Amino acid sequence: MNAADLRLAPALMATSADGVAMRTVALRLPPGTDLRPALLHYCESQAIEAACVLSAVGSLQDAAIRFAGRKNACHAEGKLEIVSLSGTLSRHGCHLHIAVADGRGRVSGGHLMEGCRVRTTAEIVLGVLPGVCFEREHDAMTGHRELQIRAL
């Protein structure tokens, strides 16, 4: 297949028209905090329309991760290190992926689900995007609530 054979769907995109730079927010989540609901609650409480995860480190005592092609989360318990967290979020919802390593260095990753409880700390840096809104709407092609990007 060459580049001429690719058929790309129209891209959804929006940028800040006023030239305002991205704002960064640093969060520290204490032990026992459920990671996904805490991030959503923060976005809701701050009326954040669009953000992305810039950095994340910390540890979990429980993890609920949905692997590709599965309907339900898989659960892990024990001392787990967050080695990666990425995705988009807003007060309208989120799509986050996480990778965690166990005590032997084995890594598992997938969709971040409710039930990922912080063990010692979770240090998260978010980039808040001005002039942009991330919403989620049902997509007939995928059957999932997919990202809709709108200019504010």
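**Student:** Would you mind going over the pattern of salt bridges in detail, with residue names and values included?
**Tutor:** Evaluation of the coordinates by the stated rule reveals six salt bridges. As a salt-bridge pair, Glu81 and Arg119 come within 3.7 Å of each other at their nearest N and O atoms. Here the residue Glu81 occupies a position in strand β3 (residues 74-90), and Arg119 occupies one in strand β6 (residues 117-128), the gap between them amounting to 38 residues. Looking at Glu81, the relative accessible area reads 40%, which means it is partly exposed. As a salt-bridge pair, Arg106 and Asp102 come within 2.8 Å of each other at their nearest N and O atoms. The network of salt bridges with shared partners includes Glu135, Glu137 and Arg150.

**Student:** Go over the environment of Asp139, please, and point to the residues and values.
**Tutor:** Residue position: Asp139 is located in the loop between β7 (132-138) and β8 (145-151). Under the relative-accessibility criterion, Asp139 is labelled partly exposed at 24%. Excluding its chain neighbours within four sequence positions, the residues that come into contact with Asp139 are His144 and Glu146.

**Student:** Break down the nonpolar core for me, with residues and values.
**Tutor:** Among the nonpolar cores identified, the biggest contains 32 residues, and Leu35, Leu85, Leu89, Ile98 and Ile124 are the most heavily contacted of them. Listing elements by their share of this core, those giving two or more residues are β1 (23-29), α1 (35-45), β2 (51-66), β3, β4 (93-101) and β6. It is β2 that provides the largest number of residues to this core, a total of seven residues. Beyond its immediate sequence surroundings of up to four residues, Ile98 is in contact with Leu35, Leu60, Ile65, Ile82, Ser84, Leu85, Ser108, Gly109, Gly110 and Leu112.

**Student:** Help me get a handle on the pairing of β6, residues and values and all.
**Tutor:** Summarising the sheet, β1 and β6 pair through seven bridges and their orientation is antiparallel. Residue pairing in the sheet places Leu29 in a bridge with Ala122 of β6. Sheet topology note: the β2/β6 ladder contains nine bridges and is antiparallel. Each residue of the ladder has a partner; that of Cys52, found in β6, is Gly127.

**Student:** So what's going on with the side chain of Arg136? Which residues, and what values?
**Tutor:** In this structure, Arg136 sits in strand β7. Buried and unpaired, Arg136 has Glu146 as its nearest opposite-charge partner, separated by 4.8 Å. A distance of 3.0 Å separates a polar atom in the side chain of Arg136 from a polar atom in the side chain of Thr88.

Cut-offs applied
Residues numbered from 1 in each chain as written. Predicted model: local features only at pLDDT ≥ 70, side-chain atom pairs only at ≥ 80, totals over all residues. Heavy atoms only, no water. Salt bridge = Lys/Arg side-chain N within 4 Å of Asp/Glu carboxyl O. Helix = DSSP H or I, 4+ residues; strand = E, 2+ residues; numbered from the N terminus. Buried < 20%, exposed > 50% of the residue type's maximum accessible area, 1.4 Å probe, protein only. Contact = heavy atoms within 4.5 Å. Core = buried A, V, L, I, M, F, W, Y, C linked by side-chain atoms within 4.5 Å. Pairing = 2+ DSSP bridges. Lys, Arg positive; Asp, Glu negative; His and termini not counted. Polar contact = N/O pair within 3.5 Å; in protein donor to acceptor, adjacent residues only side chain to side chain.

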